[in-house]
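Results of the structural survey
Each chain is listed here by its residues.
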Amino acid sequence: MPHSRVDGPGLDGRTHLDALESQSVHILREVAAESERPVLLFSGGKDSVVMLRLAEKAFWPAAVPFPVLHVDTGHNFPEVLAFRDAQVARSGVRLLVASVQASIDAGRVREPVGRDPSRNRLQTRTLLDALAEYRFDAVVTGARRDEEKARAKERIFSRRDEFGQWDPKRQQPELWSLFNGRHLPGEHVRVFPLSNWTELDIWRYIEREELAVPSIYFAHRRLVFRRDGMLLADGPHLSPAEGEACFDALVRYRTVGDMTCTGAVESSASSVGEIVAEVAASRLTERGATRADDRSGDAAMEDRKREGYF
């Protein structure tokens, strides 16, 4: 699908965002048609917000025909959790929460310790347990190919084996936009309706649709400290180590997730329009610039995806 810098109409009268929206709506309808028990992952972040709006459009005037699932690390930004609950109440969808803390309490995973105690990787076990509990056979996520090179390898309908693991060699062809959701009993598919979107597309769509997003995406003052080139928030789950000094800074977040591994960026962008301009000028991906868990190696994300990560 062609990507343009300006969202002007093409020869068929549709804009770039119209074309992306149309494809995503088609994918969501395919999920509903081909799957028995689909679920949409919803964290309350910007991609989740866009996904929920697309799902509402796909099935309007009927309700969204599947629940949303949040895998909660227990270390999320409180502003995002409050926003998540407000969005779910507005849309009327059923919210399921899979708790990493509950997985730790049950002995399913072990609490990380040390300098970087991120629970982000623990989400994999919690997610797979939730999929087994509710017998979901299709998991719709807001991941995009431009985020990280391992995610660029994904098909839109990506098959997972009975252990929830991803093998890039078992990817099914998707010629002429024909999506294959077939899988063996015990397996499931991960579906990526935003695969062909970019971070800039997301923000332009938020601007066009006048969608609300969590306040931490906009510039605000926060107590942070610098670690490995990232600005991390000082808080109850992560504190500066020896030699790391806290300071007050005007920052915003390009992505939201576990507070212990999600970095802020210095920014004065206080409106969606200003964020659009800022993202258009950026040469760093949002995850590459702000997610510590993606910096542990060139194949960090691919390794986690093979284990069953998002």
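Residues numbered from 1 in each chain as written. Predicted model: local features only at pLDDT ≥ 70, side-chain atom pairs only at ≥ 80, totals over all residues. Heavy atoms only, no water.

1. A short note on the pattern of salt bridges
Pairs may arise between side chains of opposite charge once their charged atoms sit close together. Going by this rule: A pairing counts as a salt bridge when a side-chain nitrogen of Lys or Arg comes within 4 Å of a carboxyl oxygen of Asp or Glu. Note on exposure labels: buried denotes an accessible area under 20% of the residue type's maximum, exposed denotes more than 50%, and partly exposed covers the range between, all computed with a 1.4 Å probe on protein chains only. Each helix is a run of H or I in the DSSP string that is no shorter than four residues. Each strand is a run of E no shorter than two, and both are numbered from the N terminus.
Applying the stated criterion across every chain, the model contains 24 salt bridges. A salt bridge links Glu111 to Arg119, with the nearest nitrogen and oxygen atoms 2.6 Å apart. Residue class for Glu111 comes out partly exposed when judged on its relative accessible area of 31%. Here Glu266 makes a salt bridge to Arg226, at a shortest N to O gap of 4.0 Å. Of this pair, Glu266 sits in strand β10 (residues 265-266) while Arg226 sits in strand β7 (residues 220-227), and the two are 40 residues apart along the sequence. Among the charged side chains, a salt-bridge network with shared partners connects Asp18, Glu21, Arg53, Glu56, Lys57, Arg90, Arg208 and Glu209.

2. Quick word on the sheet that holds strand β1 (residues 38-41)
Let me state the cut-off plainly: Any two strands with at least two DSSP bridges between them are considered paired. Axes, fitted as lines to C-alpha atoms, cover a helix only where it is in contact. Angles between the N-to-C directions of the axes lie from 0 to 180 degrees. Contacts are assigned to residue pairs with any non-hydrogen atoms lying within 4.5 Å of each other.
Pairing is mixed in the open sheet, where six strands are placed in the order β3-β2-β1-β4-β6-β5. If you trace the sheet from one side to the other, it starts and ends with β3 (95-99) and β5 (157-160), each paired once. Sheet twist, expressed as the mean angle between neighbouring strand axes with direction ignored, is 30°. Pairing geometry for strand β4 (residues 138-140) and strand β6 (residues 188-191), over three bridges, is parallel. Looking at β6, one finds that Val140 is bridged to Val191. Running at roughly 40° to β5, helix α1 (residues 16-34) makes contact with β1, β4, β5 and β6 of the sheet. Helix-sheet contacts for helix α5 (residues 123-134) involve β1, β2 (68-72), β3, β4 and β6, and the interaxial angle to β2 is about 145°.

3. What about the packing of aromatic side chains?
How two aromatic rings sit relative to each other is set out by the distance from centre to centre and by the angle between their planes. Quick note on the threshold: Under the pairing criterion, centres of Phe, Tyr and Trp rings, with the six-membered ring standing for Trp, must be within 6.5 Å; the plane angle then separates stacked pairs below 30 degrees from edge-to-face pairs above 60, leaving the rest tilted.
Summed over the entire model, instances satisfying the criterion amount to six aromatic pairs. For the ring pair Phe59 and Phe66, a centre distance of 5.8 Å and an interplane angle of 90° mean the geometry is edge-to-face. Assigned by exposure class, Phe59 and Phe66 land together as buried.

4. Notes on the pairing of β7
Pairing of β7 with strand β9 (residues 246-252), which is carried by six bridges, proceeds in the antiparallel orientation. Each residue of the ladder has a partner; that of His220, found in β9, is Val251. Counting the residues in the hairpin turn of β7 and strand β8 (residues 230-233) gives two residues, including Asp228, whose phi is positive at 55°.

5. Brief notes about the nonpolar core
Under the convention used in this document: Among buried residues, those of type Ala, Val, Leu, Ile, Met, Phe, Trp, Tyr and Cys that are joined through side-chain atoms within 4.5 Å constitute a nonpolar core. A domain assignment, automatic or from a database, supplies the domain bounds used here.
By size, the foremost hydrophobic cluster in this structure holds 57 residues, and its most contacted members are Leu28, Val50 and Trp203. When residues of this core are sorted by domain, at least three fall in each of domain 1 (16-204 + 299-307) and domain 2 (213-294). If we skip the residues at most four places from it in the chain, Val50 touches Leu194, Trp197, Ile202, Tyr205, Ile206 and Leu211. Val71, Ala98, Leu131 and Val139 belong to the second-largest nonpolar core, a separate cluster that totals 16 residues.

6. Topic: the sheet that holds β9
Reading across from one edge, β8-β7-β9-β10 is the order of the four strands in this open sheet, with antiparallel pairing throughout. If you trace the sheet from one side to the other, it starts and ends with β8 and β10, each paired once.

7. Considering helix α3 (residues 78-91)
We apply this condition: Expected helix span is computed as 1.5 Å times (number of residues minus one). This arc is built from the directions going out from the helix axis to the C-beta atoms.
The terminal C-alpha atoms of α3, which comprises 14 residues, lie 20 Å apart, in line with the 20 Å expected from a rise of 1.5 Å per residue. Of all the positions in α3, only Val80, Phe83, Arg84, Gln87 and Val88 are classed as buried. Along α3, the residues classed as buried sweep out an arc of 135° about the axis, all on the same side. Across α3 from its buried face, at more than 90 degrees, point the exposed residues Pro78, Ala82 and Ala89. Turning to α3, the residues buried within the fold contact α2 (46-59), β2 and β3. One or two steps after α3, the chain reaches Gly92, where phi turns positive at roughly 80°.

8. Structural notes on the side chain of Ser195
Worth spelling out the cut-off: For the purposes of these results, a polar contact is taken to be a pair of N or O atoms within 3.5 Å, where, inside protein, one atom must be able to donate a hydrogen and its partner to accept one; residues adjacent in sequence count only when each atom of the pair is a side-chain atom.
Among the structural elements, Ser195 can be located in the loop between β6 and α6 (199-209). On the basis of relative accessibility, which here comes to 5%, the residue Ser195 falls in the buried class. A polar contact of 2.9 Å, which involves the side chain of Ser195, links it to the backbone oxygen of Phe192. Setting aside residues up to four positions removed in sequence, Ser195 forms contacts with Ala143, Arg144, Arg145 and Ile156.

9. Brief notes about the packing of α2 against α3
To be explicit about the condition: Note that the term roughly parallel is reserved for angles under 35 degrees, roughly antiparallel for angles over 145, roughly perpendicular for angles of 65 to 115, and oblique for everything else. When residues are grouped by polarity, Ala, Val, Leu, Ile, Met, Phe, Trp, Tyr, Cys and Pro land in nonpolar, Asp, Glu, Lys and Arg in charged, and all others, Gly among them, in polar.
Relative orientation of the contacting elements α2 and α3 amounts to 5°, with a least axis distance of 12 Å. Taken together, the axes of α2 and α3 lie roughly parallel to each other. Two secondary-structure elements touch here, α2 through Val49, Leu52 and Glu56 and α3 through Phe83, Gln87, Arg90 and Ser91. Of the residues belonging to the contact of α2 with α3, the class tally is three nonpolar, two polar and two charged.

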